[in-house]
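The lines below spell out each chain.
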Amino acid sequence: MKLDRILPYARQLLERAVTKGDVVVDATVGNGHDTLYLSQLVGEHGRVYGFDIQKEAIEETATKLEEHQLRNRVMLFQEGHEMVEEAIPPVHHGAIAGAVFNLGYLPGGDETIVTRPRTTITAVKKLLEMLKPGGIIVLVIYHGHPEGAVERDYLLRFVQTIDGETAHVLRYQFMNTQTPSPFVIAIEKRESRS
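Residues numbered from 1 in each chain as written. Predicted model: local features only at pLDDT ≥ 70, side-chain atom pairs only at ≥ 80, totals over all residues. Heavy atoms only, no water.

Caption draft 1: How the structure looks around the pairing of strand E7 (residues 183-189). Counting buried residues along E7, six of its seven residues qualify, which places the element largely inside the surrounding structure. Pairing analysis gives six bridges linking strand E5 (residues 131-141) to E7, with the strands arranged antiparallel. Bridge assignment links Leu139 to a residue of E7, and that residue is Ile185. Inspection of the sheet shows strand E6 (residues 167-172) paired to E7 by six bridges, in the antiparallel sense. Residue pairing for E7: Arg171 is matched across the bridge by Ile185. (Buried < 20%, exposed > 50% of the residue type's maximum accessible area, 1.4 Å probe, protein only. Helix = DSSP H or I, 4+ residues; strand = E, 2+ residues; numbered from the N terminus. Pairing = 2+ DSSP bridges.)

Caption draft 2: Main features of the nonpolar core. Counting residues in each nonpolar core, the largest one holds 32 residues, and the members touching the most others are Val25, Phe101, Ile137, Leu139 and Ile187. For this core, the secondary-structure elements that each account for two or more residues are strand E1 (23-26), strand E2 (47-51), helix H4 (84-87), strand E4 (96-102), helix H5 (117-130), E5, helix H6 (146-159) and E7. Residue contributions to this core peak at six residues, all from H5. Apart from the residues within four sequence positions on either side, Ile137 is in contact with Ala99, Phe101, Val124, Leu127, Leu128, Leu131, Ile185, Ala186 and Ile187. Leu13, Leu36, Leu41 and Val74 belong to the second-largest nonpolar core, a separate cluster that totals 30 residues. (Core = buried A, V, L, I, M, F, W, Y, C linked by side-chain atoms within 4.5 Å. Contact = heavy atoms within 4.5 Å.)

Here you go:
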């Protein structure tokens, strides 16, 4: 297959925006896979801020980072991603190169604890303000469960309202699958015009 699958494509988008020494956000830490990946991407002088409301997700991620000796690059917050602006030091506002969301529920966890459209949209709005020009927000939307379908619909309506002078918005999705497969929405902050 020559088309990129969803998760590899999401990572490609981040790789295009993030370089060594950058500041990034994992807005839904989950089992820590993206947090670990981002901590490797930003290198020893970069910083990752990770958010999750579930204690088990934070603990699993911290363990994974310690196993790879990368814990010192990451600050973890057991808070909702809507708290990004309050949790991330002001010195990094306007300097964030990338952010990733894997929406839905914690794989292998309690499927009744899910991301919600209100808090996700709040977080995206705040992060869009905090991104540096050329920075990117990648949302991987899992909509094969009832709450995921609701969040998908709210997010699709929201991203269509983002001013095209502020950011480019992309949707990457396989259209002919038998079951609802995840898809990507990417929001790239535009360079400011003078």
